[in-house]
Amino acid sequence: MYALLHPDIKVVGIVSSYGNMSKKDATKNIAYLLHLAGKADIPLIGGATRPFSGQIPKYYPEIHGEKGLGPITPPDYIKGELLNFSQIFDIIEKHPDLTIVDVGRSTSLATAIVLSSEQIGKIKQFHIMGGAFLTPGNVTEYAEANFYGDPIAVNLFLENYKNITIVPLNATNKGIITKEIAQYIVQNANNQLVSILQPIIDYYIDAYKKLVPGIQGAPLHDVVTLFLLINPGMGSSISRDVNVELDEKSRGQSIADFRPKSQPSKNNINIYMDLNYSKFVEDFIQVMIGRNIEKA
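I will try to describe carefully the structure that is included in this document. (Residues numbered from 1 in each chain as written. Predicted model: local features only at pLDDT ≥ 70, side-chain atom pairs only at ≥ 80, totals over all residues. Heavy atoms only, no water.)

## Considerations on the packing of aromatic side chains
Right, so step 1: Here the structure, examined in full by the defined rule, presents nine aromatic pairs.
Right, so step 2: Arranged with centres 5.5 Å apart and planes meeting at 75°, the rings of F227 and F280 form a pair that is edge-to-face. With F227 in helix α13 (residues 221-230) and F280 in helix α14 (residues 277-289), this pair connects stretches of sequence that are 53 residues apart. The residues F227 and F280 share a single accessibility class, namely buried.
Right, so step 3: An aromatic cluster is present here, built from Y2, F227, F280 and F284 joined pairwise through their rings.
Right, so step 4: Above the ring of Y148, the side-chain terminus of R251 is found at 4.3 Å from the ring centroid. (Phe/Tyr/Trp six-rings, centres within 6.5 Å; stacked < 30°, edge-to-face > 60°. Helix = DSSP H or I, 4+ residues; strand = E, 2+ residues; numbered from the N terminus. Buried < 20%, exposed > 50% of the residue type's maximum accessible area, 1.4 Å probe, protein only. Lys NZ or Arg CZ within 6 Å of the ring centre and 35° of its normal.)

Here you go:
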(Lines give C-alpha, C1' and ligand atoms only; values in the text may rest on other atoms or scores of the structure.)
Protein backbone atom coordinates (compact mmCIF):
# COMPACT_ATOMS: atom_id res chain seq x y z
CA MET A 1 0.00 0.00 0.00
CA TYR A 2 2.72 2.44 1.03
CA ALA A 3 4.73 1.90 -2.16
CA LEU A 4 1.67 2.29 -4.39
CA LEU A 5 0.65 5.54 -2.67
CA HIS A 6 4.07 7.19 -2.27
CA PRO A 7 4.56 10.05 -4.76
CA ASP A 8 8.31 9.39 -5.02
CA ILE A 9 8.11 5.64 -5.62
CA LYS A 10 7.35 4.32 -9.09
CA VAL A 11 6.49 0.62 -8.85
CA VAL A 12 7.38 -1.01 -12.18
CA GLY A 13 6.77 -4.64 -11.18
CA ILE A 14 5.92 -6.84 -8.19
CA VAL A 15 7.12 -10.41 -7.67
CA SER A 16 4.89 -12.66 -5.57
CA SER A 17 6.43 -15.48 -3.57
CA TYR A 18 5.94 -17.79 -0.61
CA GLY A 19 6.52 -16.39 2.89
CA ASN A 20 3.98 -15.88 5.64
CA MET A 21 1.56 -17.54 3.20
CA SER A 22 1.74 -19.51 -0.02
CA LYS A 23 2.73 -17.94 -3.32
CA LYS A 24 -0.83 -18.55 -4.55
CA ASP A 25 -2.34 -16.48 -1.73
CA ALA A 26 0.35 -13.80 -2.01
CA THR A 27 -0.41 -13.44 -5.72
CA LYS A 28 -4.13 -13.02 -5.06
CA ASN A 29 -3.41 -10.39 -2.40
CA ILE A 30 -1.17 -8.34 -4.67
CA ALA A 31 -3.70 -8.46 -7.50
CA TYR A 32 -6.42 -7.31 -5.10
CA LEU A 33 -4.35 -4.39 -3.82
CA LEU A 34 -3.42 -3.33 -7.35
CA HIS A 35 -7.11 -3.41 -8.27
CA LEU A 36 -8.08 -1.24 -5.28
CA ALA A 37 -5.28 1.20 -6.08
CA GLY A 38 -6.37 1.47 -9.72
CA LYS A 39 -2.94 0.21 -10.81
CA ALA A 40 -3.74 -3.19 -12.28
CA ASP A 41 -1.42 -2.32 -15.18
CA ILE A 42 1.66 -2.85 -12.97
CA PRO A 43 3.20 -6.22 -13.96
CA LEU A 44 2.63 -9.00 -11.41
CA ILE A 45 5.23 -11.73 -11.70
CA GLY A 46 5.10 -15.22 -10.22
CA GLY A 47 8.16 -16.03 -8.12
CA ALA A 48 9.37 -18.90 -5.95
CA THR A 49 7.19 -21.41 -4.14
CA ARG A 50 9.82 -22.83 -1.76
CA PRO A 51 13.43 -22.20 -0.64
CA PHE A 52 16.62 -23.39 -2.35
CA SER A 53 16.93 -26.20 0.18
CA GLY A 54 13.79 -27.76 -1.32
CA GLN A 55 12.12 -27.92 2.09
CA ILE A 56 8.40 -27.33 2.33
CA PRO A 57 8.12 -23.76 3.68
CA LYS A 58 6.57 -23.02 7.03
CA TYR A 59 3.82 -20.38 6.86
CA TYR A 60 2.77 -18.06 9.68
CA PRO A 61 -1.01 -17.56 9.42
CA GLU A 62 -1.16 -16.53 13.07
CA ILE A 63 0.68 -13.30 12.21
CA HIS A 64 -1.09 -12.05 9.07
CA GLY A 65 -4.11 -14.32 8.80
CA GLU A 66 -4.87 -17.46 6.81
CA LYS A 67 -4.78 -15.57 3.50
CA GLY A 68 -2.29 -12.88 4.51
CA LEU A 69 -4.63 -9.89 4.82
CA GLY A 70 -5.87 -10.46 8.36
CA PRO A 71 -9.57 -11.40 8.24
CA ILE A 72 -9.97 -10.36 4.59
CA THR A 73 -10.34 -12.95 1.84
CA PRO A 74 -9.62 -11.22 -1.49
CA PRO A 75 -11.59 -12.04 -4.64
CA ASP A 76 -9.88 -14.04 -7.39
CA TYR A 77 -8.45 -11.40 -9.71
CA ILE A 78 -5.77 -13.92 -10.63
CA LYS A 79 -6.72 -17.49 -11.53
CA GLY A 80 -4.12 -20.19 -12.00
CA GLU A 81 -0.33 -20.15 -11.72
CA LEU A 82 1.69 -17.21 -12.99
CA LEU A 83 4.52 -18.56 -15.17
CA ASN A 84 6.03 -15.28 -16.32
CA PHE A 85 9.23 -15.06 -14.25
CA SER A 86 11.37 -14.04 -17.23
CA GLN A 87 9.45 -10.74 -17.35
CA ILE A 88 11.81 -9.56 -14.60
CA PHE A 89 14.59 -9.28 -17.19
CA ASP A 90 12.40 -7.26 -19.54
CA ILE A 91 11.73 -4.79 -16.73
CA ILE A 92 15.46 -4.50 -15.98
CA GLU A 93 16.15 -3.68 -19.63
CA LYS A 94 13.44 -1.00 -19.71
CA HIS A 95 14.56 0.67 -16.45
CA PRO A 96 18.34 1.19 -16.27
CA ASP A 97 18.05 3.20 -13.01
CA LEU A 98 16.25 0.42 -11.13
CA THR A 99 16.20 -0.37 -7.41
CA ILE A 100 15.09 -3.81 -6.27
CA VAL A 101 13.33 -3.86 -2.90
CA ASP A 102 13.05 -7.36 -1.44
CA VAL A 103 10.81 -7.49 1.62
CA GLY A 104 10.25 -11.26 1.56
CA ARG A 105 12.27 -14.45 1.28
CA SER A 106 15.20 -13.93 -1.09
CA THR A 107 14.56 -17.09 -3.14
CA SER A 108 13.08 -15.28 -6.14
CA LEU A 109 15.94 -12.79 -6.24
CA ALA A 110 18.51 -15.58 -6.04
CA THR A 111 16.65 -17.49 -8.75
CA ALA A 112 16.97 -14.47 -11.03
CA ILE A 113 20.71 -14.45 -10.28
CA VAL A 114 21.03 -18.12 -11.24
CA LEU A 115 19.15 -17.53 -14.49
CA SER A 116 21.06 -14.37 -15.46
CA SER A 117 23.67 -12.94 -13.11
CA GLU A 118 24.59 -10.44 -15.82
CA GLN A 119 21.12 -8.93 -15.88
CA ILE A 120 20.90 -8.68 -12.09
CA GLY A 121 24.33 -7.06 -12.15
CA LYS A 122 22.76 -4.10 -13.98
CA ILE A 123 20.64 -3.19 -10.94
CA LYS A 124 21.59 0.17 -9.42
CA GLN A 125 20.96 -0.80 -5.80
CA PHE A 126 19.18 -3.34 -3.58
CA HIS A 127 17.16 -2.75 -0.40
CA ILE A 128 16.63 -5.95 1.56
CA MET A 129 14.40 -6.38 4.60
CA GLY A 130 15.86 -9.13 6.75
CA GLY A 131 18.23 -10.18 9.48
CA ALA A 132 18.79 -9.38 13.14
CA PHE A 133 22.23 -8.24 14.29
CA LEU A 134 23.20 -8.54 17.96
CA THR A 135 19.49 -8.68 18.78
CA PRO A 136 16.95 -11.52 19.14
CA GLY A 137 15.25 -12.97 16.08
CA ASN A 138 11.51 -13.28 15.57
CA VAL A 139 11.18 -16.91 14.40
CA THR A 140 13.99 -18.34 16.54
CA GLU A 141 16.15 -16.87 19.28
CA TYR A 142 18.75 -16.12 16.59
CA ALA A 143 16.97 -15.55 13.30
CA GLU A 144 14.62 -13.18 11.52
CA ALA A 145 11.97 -14.77 9.29
CA ASN A 146 13.28 -13.78 5.84
CA PHE A 147 16.89 -14.82 6.45
CA TYR A 148 15.69 -17.97 8.21
CA GLY A 149 13.33 -18.80 5.33
CA ASP A 150 16.13 -19.21 2.77
CA PRO A 151 19.66 -18.55 4.09
CA ILE A 152 21.18 -20.21 1.02
CA ALA A 153 19.54 -17.65 -1.26
CA VAL A 154 20.56 -14.73 0.99
CA ASN A 155 24.22 -15.80 1.00
CA LEU A 156 24.25 -16.32 -2.77
CA PHE A 157 23.05 -12.77 -3.18
CA LEU A 158 25.27 -11.12 -0.54
CA GLU A 159 28.43 -12.83 -1.78
CA ASN A 160 28.03 -11.79 -5.41
CA TYR A 161 26.54 -8.29 -5.52
CA LYS A 162 27.28 -4.76 -4.37
CA ASN A 163 25.35 -1.66 -3.26
CA ILE A 164 23.11 -3.56 -0.86
CA THR A 165 21.21 -1.99 2.02
CA ILE A 166 19.97 -4.39 4.69
CA VAL A 167 17.13 -3.25 6.93
CA PRO A 168 17.02 -5.74 9.83
CA LEU A 169 14.89 -6.07 12.96
CA ASN A 170 17.25 -3.61 14.68
CA ALA A 171 15.52 -0.83 12.75
CA THR A 172 12.20 -2.35 11.68
CA ASN A 173 11.14 -3.40 15.19
CA LYS A 174 11.01 0.30 16.03
CA GLY A 175 8.48 1.16 13.29
CA ILE A 176 5.45 0.53 15.48
CA ILE A 177 2.00 1.61 14.31
CA THR A 178 -0.95 1.56 16.70
CA LYS A 179 -4.63 0.90 16.04
CA GLU A 180 -5.28 4.59 16.75
CA ILE A 181 -2.84 5.67 14.02
CA ALA A 182 -4.48 3.30 11.55
CA GLN A 183 -7.93 4.58 12.53
CA TYR A 184 -6.80 8.19 11.98
CA ILE A 185 -5.47 7.27 8.52
CA VAL A 186 -8.67 5.49 7.47
CA GLN A 187 -10.83 8.38 8.69
CA ASN A 188 -8.79 10.97 6.79
CA ALA A 189 -7.81 9.15 3.61
CA ASN A 190 -9.98 9.09 0.54
CA ASN A 191 -9.04 6.05 -1.48
CA GLN A 192 -10.22 2.47 -1.79
CA LEU A 193 -6.82 1.01 -1.01
CA VAL A 194 -6.63 2.48 2.48
CA SER A 195 -10.25 1.60 3.20
CA ILE A 196 -9.22 -1.99 4.06
CA LEU A 197 -6.31 -0.98 6.32
CA GLN A 198 -8.07 -1.12 9.70
CA PRO A 199 -9.01 -4.83 9.86
CA ILE A 200 -5.58 -5.81 8.53
CA ILE A 201 -3.74 -3.70 11.10
CA ASP A 202 -6.04 -4.76 13.94
CA TYR A 203 -5.42 -8.46 13.21
CA TYR A 204 -1.66 -7.91 12.99
CA ILE A 205 -1.48 -5.90 16.21
CA ASP A 206 -3.55 -8.47 18.12
CA ALA A 207 -1.13 -11.16 16.94
CA TYR A 208 1.88 -9.11 18.03
CA LYS A 209 0.44 -8.50 21.48
CA LYS A 210 0.51 -12.26 22.03
CA LEU A 211 4.17 -12.37 21.00
CA VAL A 212 5.40 -9.25 22.80
CA PRO A 213 3.53 -8.59 26.05
CA GLY A 214 2.94 -4.89 26.65
CA ILE A 215 3.52 -3.75 23.07
CA GLN A 216 1.10 -0.99 22.03
CA GLY A 217 1.04 -1.71 18.32
CA ALA A 218 2.98 -3.70 15.72
CA PRO A 219 6.08 -2.91 13.67
CA LEU A 220 5.63 -2.43 9.92
CA HIS A 221 8.89 -4.06 8.83
CA ASP A 222 8.28 -3.74 5.08
CA VAL A 223 7.22 -0.11 5.31
CA VAL A 224 10.32 0.83 7.31
CA THR A 225 12.44 -0.64 4.51
CA LEU A 226 10.73 1.55 1.91
CA PHE A 227 10.80 4.60 4.19
CA LEU A 228 14.59 4.32 4.56
CA LEU A 229 14.97 3.90 0.81
CA ILE A 230 13.32 7.28 0.23
CA ASN A 231 14.63 8.88 3.44
CA PRO A 232 18.13 7.40 3.94
CA GLY A 233 19.06 9.99 6.58
CA MET A 234 16.18 8.93 8.85
CA GLY A 235 18.15 6.06 10.37
CA SER A 236 21.74 5.20 11.26
CA SER A 237 23.66 2.53 9.38
CA ILE A 238 27.02 0.79 9.42
CA SER A 239 29.02 -0.74 6.57
CA ARG A 240 29.91 -4.40 7.11
CA ASP A 241 30.11 -7.60 5.10
CA VAL A 242 27.38 -10.06 6.10
CA ASN A 243 26.99 -13.81 6.20
CA VAL A 244 23.96 -15.90 7.18
CA GLU A 245 24.26 -19.15 9.13
CA LEU A 246 23.21 -22.38 7.41
CA ASP A 247 23.63 -24.79 10.32
CA GLU A 248 20.25 -26.03 11.50
CA LYS A 249 20.73 -24.95 15.12
CA SER A 250 21.62 -21.36 14.20
CA ARG A 251 19.93 -21.24 10.80
CA GLY A 252 19.25 -17.73 9.57
CA GLN A 253 21.42 -15.97 12.13
CA SER A 254 22.91 -12.76 10.73
CA ILE A 255 26.68 -12.50 11.15
CA ALA A 256 28.78 -9.35 10.82
CA ASP A 257 31.93 -8.08 12.54
CA PHE A 258 31.03 -5.13 14.78
CA ARG A 259 34.36 -4.85 16.61
CA PRO A 260 35.74 -1.29 16.71
CA LYS A 261 38.60 -1.99 14.28
CA SER A 262 36.61 -4.11 11.83
CA GLN A 263 36.65 -3.02 8.20
CA PRO A 264 33.77 -1.57 6.14
CA SER A 265 32.13 -3.82 3.59
CA LYS A 266 34.12 -4.57 0.43
CA ASN A 267 30.83 -4.80 -1.49
CA ASN A 268 29.23 -1.61 -0.12
CA ILE A 269 26.78 -3.47 2.12
CA ASN A 270 25.15 -1.17 4.66
CA ILE A 271 23.11 -2.30 7.65
CA TYR A 272 20.53 -0.03 9.27
CA MET A 273 20.78 -0.28 13.04
CA ASP A 274 18.33 2.44 14.10
CA LEU A 275 15.29 4.41 12.96
CA ASN A 276 13.99 7.95 13.50
CA TYR A 277 10.62 6.83 14.81
CA SER A 278 8.82 10.16 14.94
CA LYS A 279 9.74 10.96 11.32
CA PHE A 280 8.68 7.47 10.27
CA VAL A 281 5.22 7.83 11.81
CA GLU A 282 4.78 11.30 10.36
CA ASP A 283 5.77 10.10 6.89
CA PHE A 284 3.58 6.98 7.08
CA ILE A 285 0.49 9.00 7.96
CA GLN A 286 1.13 11.57 5.23
CA VAL A 287 1.72 8.97 2.52
CA MET A 288 -1.29 6.85 3.42
CA ILE A 289 -3.60 9.86 3.65
CA GLY A 290 -2.23 11.35 0.45
CA ARG A 291 -1.03 14.74 1.60
CA ASN A 292 2.00 16.49 0.14
CA ILE A 293 5.16 15.41 1.90
CA GLU A 294 7.72 17.93 3.10
CA LYS A 295 11.19 16.44 2.81
CA ALA A 296 13.01 16.10 6.11
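Picking up after the structure, the text goes on.
## Observations regarding the packing of helix α10 (residues 179-188) against α14
Right, so step 1: Direction vectors running N to C along α10 and α14 enclose 30°, while the axes themselves pass 9 Å from each other. Our classification of the angle between α10 and α14 gives roughly parallel. Considering the relative orientation of α10 and α14, their crossing is right-handed. Judged by residue contacts, I181, Y184, I185 and N188 of α10 engage V281, F284, I285, M288 and I289 from α14.
Right, so step 2: Broken down by class, the residue content of the contact of α10 with α14 amounts to eight nonpolar, one polar and no charged. (Axes fitted to C-alpha atoms, helices over the stretch in contact; angles between N-to-C directions. Parallel < 35°, antiparallel > 145°, perpendicular 65-115°, else oblique. Left-handed = near helix turned anticlockwise from the far one by under 90°. Contact = heavy atoms within 4.5 Å. Nonpolar A, V, L, I, M, F, W, Y, C, P; charged D, E, K, R; others polar.)

## Focus: the sheet that holds strand β5 (residues 164-167)
Right, so step 1: Strand order across the open sheet formed by five strands is β3-β4-β5-β11-β8, with mixed pairing between neighbours. This sheet does not close on itself; its edge strands, each paired only once, are β3 (99-102) and β8 (237-239). When the angles between neighbouring strand axes are averaged without regard to direction, this sheet yields 20°.
Right, so step 2: Sheet analysis places β3 next to strand β4 (residues 125-129), joined by four bridges and oriented parallel. Each residue of the ladder has a partner; that of T99, found in β4, is Q125. (Pairing = 2+ DSSP bridges.)

By themselves, these observations are geometric and do not establish any function.
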